[in-house]
Amino acid sequence: MTKNMNGAELVFLPLGGAGEIGMNLNCYGYGPPDARKWIVVDCGVLFGRETGTPGVDLMMPDVRFLEEVRDDLLGLVLTHGHEDHLGAVAHLWPRLRCPVYATPFTARLLHDKLEEAGLEARVKVKIVPLGGAVRLGPFALEFISITHSIPEPNALAIRTPLGVVVHTGDWKIDPDPLLGEVTNDRALRRLGEEGVLAMVCDSTNALVPGESGSEGEVRRSLIRLIGSLKGRLAVTAFASNVARLQSVAEAAEAANREVVLVGRSMRHMVNCARDTGYLKKFPRVIAEEESSDLPADHVLYLCTGSQGEQRAALARIAADEHPHVSLGEGDSVIFSSRIIPGNELAIFELQNQLAAKGIAVLTERDHFVHVSGHPARDELAAMYSWVKPKIAVPVHGELRHMSEHARLARELQVPQTVVALNGQMVRLAPGAAEIIDETPSGRLHLDGRLLVHEDEGFARSRRALGFAGFIGITLVLDRKGRLAAEPVLHLEGIPDIVHGAVRAAAARAAGARRAKGDIAEDVRIAARRAANEMWGKKPVVRVQIVEV
Ligand SMILES: [Zn+2]
Ligand SMILES: [Zn+2]
């Protein structure tokens, strides 16, 4: 281990995921304040929500701060392959331009994304074996296998001259994960004995009592449930939960049903898992195109679309728009998944659509078909008892999750807790942990092909346009500033009944005598007021003046 440099500090800086669910990006810095070296852990996205950000598919962290320190950026380390941890790499790497480190399955997922973005030749992805180690300047990293809801989740032990940080990544304690290693609690306990300065830890389920439950139990339950159903059967699950896919396939086999993979990401994930040595016992799958000949009781469709995504397989099946798969009266759909907050409406709409066709909808509310991939309170307590950090730093959650996590850590006798939001830099050592700086942070929106900062305000103006439409008014004025023709109106998304009142108000305001400079604003206000009086809504109004 290198000796501590004079005046060196160890700092932690979240730029995404601290105070929100999704788009995780965490930074660690070591060195004197004017010469710090940096590593980044994870680089994820958050999916856009139509109501808040119309037209925005993806959001990701603003990395302005990292662009400024790029020369001292030693690497980007990925803990696992979920979109909220690696989904932004292909978008943000051109701004970071550092080597990327990941275990084989995560690297495979990343490779396909980079290839799609045309970046695979430029980005140096270094594959780290499970349990492997990486040295990046003053940071010595050890990958520790844990359990979660995707193959190859890793915690990181980050050794620095000022102490060891355990970065848990996303985790749970699953005694029977079905795929991959069980949580390497021996390594975590060993670190605890060695002495851990700080633990940066998953807060997702800090409000949930007890334990998250095991994939093994879900498998047994799915085998029973699927064995009891007649008719066609579709199961939807997160494609990245490869252990769950295996469980559904085994339940299908036990019930004498053939497995049909429906949806591009389902087929892609199965291929990635097979290529990296998983799913060795996955049964043969039938192509979508050939599945219509199978008798109803002998088919199981494993589908994408558990979150009600409009373009995914299940939504297309529900809308009778799928070219090869159709379901109806007497068939069943199992949602082997949870509702991601924000997706409630889309999911309930989809489930109603299925119910309207006489399809039985089975979910985690009525059957044991899903477990979370994140630690509930008893698991958090176990982790703190193993690692025994001096400082607890909750991340990966909204503020209410992080605050409750901090409270739990104090109950568990952790001497110090620090709740830092995106952009708040925490000094972990030397001295007491505290927030020492604020750096620029925020969100970038992927809008079509462009990455634009949320502050550019287009989302707000699009919401306004979506809420109450648009009126464009062209005024033709002569040299003396008098109206030379009737105002020309262009109305979009305004109810017909309002048009006349707006036209009349605009003409009246334009006809009144006044200084030329005020006329546009007067007409704008008059048109808005007329719309509001009749309709109770204020559209966006723009006035253009043409002089003849
Ligand atoms: Zn995850
Ligand atoms: Zn996550």
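Remember, it's a predicted structure, so these values are computed and weren't measured experimentally.

(A) Just the overall build of the protein, in detail. Helix and strand content of the protein: 15 helices and 30 strands. Taking the principal axes of the C-alpha coordinates as reference, the protein spans close to 85 × 75 × 50 Å. For the protein, the share of sequence-separated contacts (at least 6 apart) that also reach a separation of at least 24 residues comes to 72%. When the accessible surface of the protein is totalled, it reaches about 23,700 Å², and 49% of it is carbon and sulfur. With 63 positive and 69 negative side-chain charges, the protein shows a spacing of 4 Å between the two charge centroids.

(B) The arrangement of helix α7 (residues 242-254) in detail. Between its first and last C-alpha atoms α7 spans 18 Å; for 13 residues at 1.5 Å apiece the expected length is 18 Å, and the two agree. A large share of α7 lies buried, amounting to 10 of its 13 residues. Where α7 is concerned, the buried positions are Val-242, Ala-243, Arg-244, Leu-245, Gln-246, Ser-247, Val-248, Ala-249, Ala-251 and Ala-252. Against the buried residues of α7 lie α4 (104-116), α6 (215-227), β15 (233-236), β16 (258-262), α8 (264-275) and β18 (299-303).

(C) The arrangement of the coordination of the zinc ion (ligand 2) in detail. Each protein donor to the zinc ion (ligand 2) is listed here as Asp-84 (OD), His-85 (NE2), Asp-170 (OD) and His-396 (NE2); together their distances run 2.0 to 2.2 Å. Coordination geometry of the zinc ion (ligand 2): the four donor atoms subtend angles of 86 to 160° at the metal centre, consistent with an arrangement described as irregular. Along the chain, the residues donating to the zinc ion (ligand 2) are arranged with the sequence spacing D-H-x84-D-x225-H. The distance between the zinc ion (ligand 2) and the zinc ion (ligand 1) is 3.4 Å, with Asp-170 acting as a donor to both metals. Here His-396 lies in the loop between β21 (391-395) and β22 (397-398) and Asp-170 lies in the loop between β13 (163-167) and α5 (185-194), a separation of 226 residues in the sequence. Of the two residues examined, Asp-170 and His-396, each falls in the buried class.

(D) Spatial organisation of the side chain of His-401. Turning to its location among the elements, His-401 is positioned in helix α12 (residues 399-411). Owing to a relative accessible area of 7%, His-401 belongs among the buried residues under this scheme. Discounting chain neighbours no more than four positions away, the residues touching His-401 are Ile-21, Ser-203, Thr-204, Ala-206 and Leu-207.

(E) A look at the environment of His-148. Residue position: His-148 is located in the loop between β11 (139-145) and β12 (154-160). For His-148, a relative accessible area of 6% puts it in the buried group. Excluding residues that lie within four positions of it along the chain, His-148 makes contacts with His-80, His-82, Pro-153, Asp-170, Trp-171, Lys-172, Gly-373 and His-374. At a separation of 3.4 Å, a polar atom in the side chain of His-148 contacts the side chain of His-80.

(F) Just the pattern of salt bridges, in detail. Applying the stated criterion to the full structure yields 27 salt bridges. Asp-275 is the salt-bridge partner of Arg-108, the closest N and O atoms lying 2.3 Å from each other. On the criterion of sequence distance, the pair formed by Arg-108 in helix α4 and Asp-275 in helix α8 is long-range, its members being 167 residues apart. On the basis of relative accessible area, Asp-275 is assigned to the exposed category, the value being 54%. Through salt bridges with shared partners, a single network forms among Glu-142, Arg-159, Arg-190 and Glu-194.

(G) Structural detail: the coordination of the zinc ion (ligand 1). For the zinc ion (ligand 1), the full set of protein donor atoms is His-80 (NE2), His-82 (ND1), His-148 (NE2) and Asp-170 (OD), at a range of 2.1 to 2.3 Å. Angles of 91 to 164° at the metal separate the four donor atoms of the zinc ion (ligand 1), which places the site in the irregular class. The sequence pattern describing where the donors of the zinc ion (ligand 1) fall on their chain is H-x1-H-x65-H-x21-D. Take His-80: its relative accessible area is 1%, and that puts it in the buried class.

(H) Representation of the packing of aromatic side chains within the structure. Counted according to the given criterion, the structure contains three aromatic pairs. Judged by centre distance (5.2 Å) and plane angle (50°), the ring pair of Phe-12 and Tyr-28 falls under tilted. In this pair, Phe-12 sits in strand β1 (residues 9-16) while Tyr-28 sits in strand β3 (residues 25-31), placing the two residues 16 residues apart along the sequence. Between Lys-537 and the ring centre of Phe-467, over which it is positioned, the NZ or CZ distance is 4.1 Å.

(I) Summary view of the nonpolar core. With 72 residues, the main nonpolar core has Trp-38, Leu-66, Phe-105, Ile-226 and Ile-334 as its most contacted residues. When residues in this core are grouped by element, the largest group, seven residues, is from α7. Apart from residues lying up to four places away in sequence, Phe-105 is in contact with Ile-150, Pro-151, Glu-152, Val-242, Met-269, Cys-272, Ala-273, Thr-276 and Tyr-278.

(J) Representation of the sheet that holds strand β20 (residues 360-362). Spatially, β17-β16-β18-β15-β19-β20 is the arrangement adopted by the six strands of the open sheet, whose pairing is parallel. Strands with a single pairing partner mark the edges of an open sheet, and in this sheet they are β17 (285-286) and β20.

(K) The arrangement of the packing of α4 against α8 in detail. One can describe the packing of α4 onto α8 by two numbers: an axis separation of 9 Å at closest approach and a directional angle of 130°. It follows from the interaxial angle that α4 and α8 lie oblique. Remark: the crossing between α4 and α8 carries right-handed chirality. Residue-level inspection shows Phe-105, Arg-108, Leu-109, Asp-112 and Glu-116 of α4 in contact with α8, the latter providing Arg-264, His-268, Met-269, Asn-271, Cys-272, Ala-273 and Asp-275. Broken down by class, the residue content of the contact of α4 with α8 amounts to five nonpolar, two polar and five charged.

(L) Quick look at the pairing of strand β6 (residues 56-61). Burial runs high along β6: five of the six residues are buried. Bridge analysis of strand β5 (residues 46-47) against β6 gives two bridges, and the strand direction is antiparallel. Residue pairing across strands places Phe-47 opposite Leu-58, the latter belonging to β6. The pairing of β6 with strand β26 (residues 443-447) spans five bridges and is classified as antiparallel. By the bridge assignment for β26, Met-60 is matched with Leu-444.

Scoring rules and cut-offs
- Residues numbered from 1 in each chain as written.
- Chains lettered and ligands numbered in written order.
- Predicted model: local features only at pLDDT ≥ 70, side-chain atom pairs only at ≥ 80, totals over all residues.
- Heavy atoms only, no water.
- Helix = DSSP H or I, 4+ residues; strand = E, 2+ residues; numbered from the N terminus.
- Contact = heavy atoms within 4.5 Å.
- Areas by Shrake-Rupley, 256 points an atom, 1.4 Å probe, with all protein chains shown as cover.
- Lys, Arg positive; Asp, Glu negative; His and termini not counted.
- Charge placed at Lys NZ, Arg CZ, Asp CG, Glu CD.
- Expected span 1.5 Å × (residues − 1).
- Buried < 20%, exposed > 50% of the residue type's maximum accessible area, 1.4 Å probe, protein only.
- Donors = N, O, S within 2.8 Å, 3.2 Å for Na, K, Ca; no water.
- Tetrahedral: all angles 85-135°; square planar, octahedral: opposite > 155°, others 65-115°.
- Polar contact = N/O pair within 3.5 Å; in protein donor to acceptor, adjacent residues only side chain to side chain.
- Salt bridge = Lys/Arg side-chain N within 4 Å of Asp/Glu carboxyl O.
- Phe/Tyr/Trp six-rings, centres within 6.5 Å; stacked < 30°, edge-to-face > 60°.
- Lys NZ or Arg CZ within 6 Å of the ring centre and 35° of its normal.
- Core = buried A, V, L, I, M, F, W, Y, C linked by side-chain atoms within 4.5 Å.
- Pairing = 2+ DSSP bridges.
- Axes fitted to C-alpha atoms, helices over the stretch in contact; angles between N-to-C directions.
- Parallel < 35°, antiparallel > 145°, perpendicular 65-115°, else oblique.
- Left-handed = near helix turned anticlockwise from the far one by under 90°.
- Nonpolar A, V, L, I, M, F, W, Y, C, P; charged D, E, K, R; others polar.

Everything listed is a geometric property; what it means functionally is a separate question.
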